[in-house]
Amino acid sequence: MASAKNLFGTDGIRGIAGRDLTAGLAFGVGRAAGASAGDGRVLVGMDTRPSGPELSYALRCGLQEAGVEPVDLGVIPAGGISHLTAAAGAAMGVVVSASHNPAPYNGIKLLGPDGAKLPDDVEAEISEAVRPADNEWFPPRGGASPGSEWPEGIDVYLDWLAGSVSADLSGLSVVVDCANGAAFRAAPGVLRSVGVETVTTAACSDGSNINHRCGATHPEWVGSLSEGRIGLALDGDADRLIAVDETGAIVDGDFLMAILARHLQRDGRLRPPLVVATVMSNLGFNLAMASRGIETALTKVGDRYVREEMIRREAVLGGEQSGHIIFGDLAVTGDGLLTALQLLEVVALSGRRLADLRSEAMERFPQVLVNVEVDRPREVEGIPEVWEAVARVERELGETGRVLVRPSGTEPLVRVMIECRESELAERYAQDLAGVIAAAMDCPAMERE
């Protein structure tokens, strides 16, 4: 876990609940965030993890101490917190979730009044304001729930989602994997409300098995159940989507963006002709976009950085390979349910199978990702022998491949990614670089994704 001076990683605060992320720390973050938010209400929602209620309560106590009114939304997708924060004119939104991480983890993401994730400098200021003494705070016994509740907020969000669809989706059939997370009720509810025949899986509400062998990090699970239907896999807070087509092929964020970009371009709505992606996007995606005259702007990993570049370039579509997709004219952050509906609308309007749209959209280059488990991932940036090895591999691959080495912002890992036309070559180079990193950082544990 980061120190109190640097609590926020790529996607908020993240750690094992009760050890790295305690109720005291949540109280301190709530108090500091409330002071930053100023007057008004702060909406707080969570996913289904067992640690969620205690952390949400502690956050709301901190917010109330800072003089703002905390509003408890209960269990709700992250996209719902974002939408409601902006729609209700709230001063801030808070997502209590560790997204795709397993049940022992939890996290805190802070949203500005527009529903977008806070900029790095604002997060840094909030981190500075968290006091060491806050860690000693414990929830009072029998204390009243701080602030107010808004259980109907999720209905407002689902109505907005349903209204984003203009096509008739009644002929479609899907299996939706809710990852035992925040969308366990919302996903089947909104899909059925727009006429989609919907079967659910991984839709438990207690959160003890959130993301466990299911969801967007394990789309093969919904693929095994789809039986010729479209599969939709969400993650714990439902801000990302990975689809599975009718043949069982995985449709990741790159394929989703390629399909959506082609549709928007045909409709004359991809203006400017630009998609914002991250450095993790497949080389095949970049080439596919270029073949259609669509520019690809790359950012570092994190949907907040995608959003910032979209604003700068006035782009209408952006996202990540991991399934965070942002529709510039509809939302300010990734929303897996919104992405699912927009994808199904493209399928309905085209009158074609998702499998056909996927195969036409792009050709995926073989991509190998190896994780090196380390104690201090960012230290890799200052090790010359690692970057000498990276430069060597880049020279050998030339223009037919790509190398990416980066410290994870959410886990104690250094990620090594190799792309090229030959999968065996990509595997060899990835393992070689991972070995160099493990030896240089004295951390031999490696895991291939």
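Above: the structure in question.
In this report, we go over the structure that sits alongside the text.

Attention now moves to the overall build of the chain. On a plain count of helices and strands, the chain comes out with 14 helices and 19 strands. At 21 Å, the chain has a C-alpha radius of gyration in line with the 22 Å of a compact globule built from 449 residues. Seen through its principal axes, the chain has C-alpha atoms that stretch 60 × 55 × 40 Å. Here the chain holds 449 residues, and the buried ones make up 59% of them. Within the chain, counting contacts between residues at least 6 apart in sequence, those at least 24 apart form 71% of the total. A total accessible area of about 17500 Å² is found for the chain, and carbon and sulfur atoms account for 49% of it. Distance between charge centroids for the chain: 2 Å, based on 40 positive and 64 negative side chains.

This next bit is on the packing of aromatic side chains. Applying the stated rule across the entire model yields two aromatic pairs. Taken together, a centroid distance of 4.6 Å and an interplanar angle of 5° make the contact between Phe-27 and Trp-137 stacked. You can see Phe-27 sitting in helix H1 (residues 23–37) and its partner Trp-137 sitting in the loop between helix H4 (120–129) and strand S6 (148–149), a full 110 residues away along the chain. Of the two residues, Phe-27 and Trp-137, neither departs from the other in class, the shared state being buried.

All right, on to the side chain of Ser-51 then. By the element assignment, Ser-51 lies in the loop between strand S2 (41–46) and helix H2 (52–65). On the basis of relative accessibility, which here comes to 16%, the residue Ser-51 falls in the buried class. Once residues within four sequence positions are removed from consideration, Ser-51 is found in contact with Ala-17, Tyr-105 and Asn-106.

Another point: the sheet that holds S2. Strands sit in the order S1-S5-S4-S2-S3-S6 across an open sheet of six strands; the sheet is mixed. Of all strands in the sheet, those bounded by a partner on one side alone are strand S1 (13–16) and S6. Where S1 meets strand S5 (residues 105–111), four bridges bridge the pair, whose relative direction is antiparallel. In the strand pairing of S5, Gly-15 is matched with Asn-106. Contacts from helix H3 (residues 78–87) reach S2, strand S3 (69–75), strand S4 (92–96) and S5 within the one sheet, and its direction differs from that of S4 by about 170°.

So, on to the nonpolar core. Ranked by internal contacts, the top residues of the largest apolar core, which has 68 residues, are Leu-191, Leu-232, Leu-317 and Leu-344. What Leu-344 contacts, discounting residues up to four positions off in sequence, is Leu-169, Leu-172, Val-174, Leu-191, Val-196, Ile-230 and Leu-232. Residues Phe-8, Ala-37, Ala-91 and Val-96 belong to the second largest nonpolar core, which totals 32 residues.

Among the five residues in strand S7 (residues 173–177), five count as buried, and that is most of the element. Here S7 shows two buried faces, one formed by Ser-173, Val-175 and Asp-177 and the other by Val-174 and Val-176. Summarising the sheet, S7 and strand S8 (residues 197–201) pair through five bridges and their orientation is parallel. Opposite Ser-173, over in S8, you have Glu-197 as the bridge partner.

A separate point is the environment of Asp-356. Positionally, Asp-356 belongs in helix H12 (residues 354–361). Distance in space between the C-alpha atoms of Asp-356 and Asp-245 is 8.8 Å, their sequence separation being 111 residues.

On to H4. Glu-123, Ile-126 and Ser-127 are the residues of H4 that are buried. Summarising the axial view, the buried residues of H4 lie within an arc of 105°, below the 170-degree limit, and thus occupy one face. Looking at the buried residues of H4, the elements they touch are H1, S5 and helix H10 (303–313).

Here we come to the pattern of salt bridges. In the structure shown here, the tally under the stated rule is 29 salt bridges. Measuring nitrogen to oxygen at the nearest pair gives 2.8 Å for the salt bridge that ties Asp-245 to Arg-358. Placement of the pair is Asp-245 in the loop between strand S10 (241–244) and strand S11 (250–251) and Arg-358 in helix H12, with a sequence separation of 113 residues. Residue Asp-245 shares its accessibility class with Arg-358, and that shared class is buried. One salt-bridge network, held together by shared partners, links Asp-11, Arg-14, Lys-109, Lys-117, Asp-237, Asp-239 and Asp-303.

The rules behind the values
Residues numbered from 1 in each chain as written. Predicted model: local features only at pLDDT ≥ 70, side-chain atom pairs only at ≥ 80, totals over all residues. Heavy atoms only, no water. Helix = DSSP H or I, 4+ residues; strand = E, 2+ residues; numbered from the N terminus. Rg over C-alpha atoms; globule rule 2.2 N^0.38 Å. Buried < 20%, exposed > 50% of the residue type's maximum accessible area, 1.4 Å probe, protein only. Contact = heavy atoms within 4.5 Å. Areas by Shrake-Rupley, 256 points an atom, 1.4 Å probe, with all protein chains shown as cover. Lys, Arg positive; Asp, Glu negative; His and termini not counted. Charge placed at Lys NZ, Arg CZ, Asp CG, Glu CD. Phe/Tyr/Trp six-rings, centres within 6.5 Å; stacked < 30°, edge-to-face > 60°. Pairing = 2+ DSSP bridges. Axes fitted to C-alpha atoms, helices over the stretch in contact; angles between N-to-C directions. Core = buried A, V, L, I, M, F, W, Y, C linked by side-chain atoms within 4.5 Å. Arc of directions from axis to C-beta. Salt bridge = Lys/Arg side-chain N within 4 Å of Asp/Glu carboxyl O.

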